[in-house]
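Read off the chains here:
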Amino acid sequence: MSIIEHSATRRPSTELVAAPRGRRAHSRRRHGAGFWAVAFAFTSVMAFATVPAPLYVIYQARDGFPTITTTVVFAAYGVGVVGSLWLAGHLSDVHGRKPLILVSVALELVAAVLFLVRNDVSGLIVARLVTGLGVGTLTATATAHLGELRVRATGSESAAQGASVVAGAVNLGGLSLGALVGGALAEFVGRPLMVPYVVFVVALAVAFVLVLAAPETVDRPTGPVPYRPQRLQAPEGQGAAFWAAGTGAFAALAVQGLFTSVAPTFLGTTFHVTDRLAAGATTFGVFAASAVSQFVFARLAQRTQIRLGVALLVGGLAVLAVSAVVLQVAGFIGGGVVAGAGVGLLFRASIAGAGALVGPERRGGVLAATFLIAYAGLTVPVVAVGAALLVLPTLSVLVGYVVLVAALAVVAGVRLAARA
């Protein structure tokens, strides 16, 4: 059973119980519209997170900073994501889904304005930190909210499976869309360091208004609830399953981290591909494959999806590494796309496995903990790569990265498949 199927059973909606047929139909329409409003907001926030990926080479050429600076800017994003997941990712279980989503969208609007008014290195670091804070606040909350809205819109628990696929695809598909939009606007429209952010100021403002009208799906407690940060702790008696899911999510996003930070620079320095659209399209291809694979293989059994995901991820990374050695750019990009398809399957299975470990009242917290581990995979290995590049050849660092991530994916995949 998927994570959203569990999330959707959190509480029965009073609007759908013992209500006249007309009221039930109206409630279902509201929840259906709310589902697409939250999906749009989720997509907009995740897309905004990768808009700068193809623009880093422009900043680097303008300001003359080294590759390690790009890594620091990217790391600021990861710190923001992990920090907000730790501090706030679980709060929607208590304070409701809508308030946390609105806070997230508002933070992304602030980040977009920062990119526009202060785009020197220090400004980039602050803007990426704020972007990460918004993404970390959103991921677990929106994932749970989409499932709850979908079930209440259809009146059928089975609809949660489709919502699970949409949530996973929106998460990774939004990331792919942002890189493509950023690269395309930078290549074909004047003022490449301004226009992409203006476009997303508009999109995020629309998303904020739409979410305001979406229904809430969590009943808030009548009394005060003591605050504590998210505990990175496995549910009682579920340690092996929780850490297998966390390892799978870590490995999956470690692949994505490679293509949102170091890979565009690697394309430019090793393959001499400096076209802005090409850099954005490469990141888009990897993330889009992650989203599409979840739809294409949705009907396969969960165990089969996990095994296929690991095979695609490891095989794609192997092709990528060999292509880097023989300087074959098509193989490098193609290997990344194949690995991305595996990422989508492994990531969704990992999140679903973690969410199935607890009841609805604790699901937001467990999701936040799992996403925290996942986004550590997006950040920590990339920072390590940036540091390693100061003393080691680029090719050696890339191959070492590939071997480590592939090994983690295999270990996690074997354990997840055994429990599927």
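Residues numbered from 1 in each chain as written. Predicted model: local features only at pLDDT ≥ 70, side-chain atom pairs only at ≥ 80, totals over all residues. Heavy atoms only, no water.

### Notes on the overall build of the protein
- The number of helices and strands found in the protein is 16 helices and zero strands.
- Taken across its 420 residues, the protein has 56% of its residues classed as buried.
- Taking contacts inside the protein between residues at least 6 apart in sequence as the whole, the part at least 24 apart equals 86%.
- When the accessible surface of the protein is totalled, it reaches about 15,700 Å², and 68% of it is carbon and sulfur. (Helix = DSSP H or I, 4+ residues; strand = E, 2+ residues; numbered from the N terminus. Buried < 20%, exposed > 50% of the residue type's maximum accessible area, 1.4 Å probe, protein only. Contact = heavy atoms within 4.5 Å. Areas by Shrake-Rupley, 256 points an atom, 1.4 Å probe, with all protein chains shown as cover.)

### A word on the pattern of salt bridges
- Applying the stated criterion across every chain, the model contains four salt bridges.
- Between R62 and D63 there is a salt bridge, with its nearest N and O atoms 2.9 Å apart.
- What makes D63 partly exposed here is its relative accessible area of 37%. (Salt bridge = Lys/Arg side-chain N within 4 Å of Asp/Glu carboxyl O.)

### Focus: the packing of helix α13 (residues 302-326) against helix α14 (residues 329-355)
- Contact geometry of α13 with α14 gives a least axis separation of 7 Å together with a crossing angle of 150°. When the interaxial angle is binned, α13 and α14 end up roughly antiparallel. Handedness of the crossing formed by α13 with α14: left-handed.
- Looking at side-chain class alone, the contact of α13 with α14 contains 18 nonpolar, nine polar and one charged residues. (Axes fitted to C-alpha atoms, helices over the stretch in contact; angles between N-to-C directions. Parallel < 35°, antiparallel > 145°, perpendicular 65-115°, else oblique. Left-handed = near helix turned anticlockwise from the far one by under 90°. Nonpolar A, V, L, I, M, F, W, Y, C, P; charged D, E, K, R; others polar.)

### A short note on the packing of aromatic side chains
- Summed over the entire model, instances satisfying the criterion amount to seven aromatic pairs.
- On the basis of an interplanar angle of 50° and a centroid distance of 6.0 Å, the ring pair of F48 and F200 is categorised as tilted. Of this pair, F48 sits in helix α2 (residues 21-50) while F200 sits in helix α9 (residues 195-212), placing them 152 residues apart in sequence.
- Here a set of aromatic residues connected by ring pairs shows up, and it is made of F48, F115, Y197 and F200.
- Residue placement shows R128 over the ring face of Y77; its charged tip is 4.4 Å from the ring centre.
- A cation over a ring is seen here: R150 above F35, with NZ or CZ 5.1 Å from the ring centre. (Phe/Tyr/Trp six-rings, centres within 6.5 Å; stacked < 30°, edge-to-face > 60°. Lys NZ or Arg CZ within 6 Å of the ring centre and 35° of its normal.)

### Here's the deal with the nonpolar core
- Y59, F332, F347 and Y375 are the most contacted members of the largest nonpolar core, which totals 109 residues.
- Of all the elements, helix α15 (residues 360-388) adds the most residues to this core, at 13 residues.
- Excluding residues that lie within four positions of it along the chain, F332 makes contacts with F259, F266, L267, F271, L320, S323, A324 and L398. (Core = buried A, V, L, I, M, F, W, Y, C linked by side-chain atoms within 4.5 Å.)

### Quick word on helix α6 (residues 97-117)
- Taking 1.5 Å of rise per residue, the 21 residues of α6 would be expected to cover 30 Å, and the 31 Å separating its terminal C-alpha atoms lies within 8% of that figure.
- Inspection of α6 places R97, K98, L100, I101, L102, S104, V105, E108, A111, A112 and F115 among the buried residues, and these make up the whole buried set. (Expected span 1.5 Å × (residues − 1).)

### Let's talk about the environment of Q305
- As for its position among the elements, Q305 is in helix α13.
- With a relative accessible area of 4%, Q305 lands in the buried category.
- In this structure, the C-alpha to C-alpha distance between Q305 and A349, residues 44 residues apart in sequence, is 7.8 Å.
- If sequence neighbours within four positions are ignored, Q305 has contacts with F297, A298, L300, L345 and R348.

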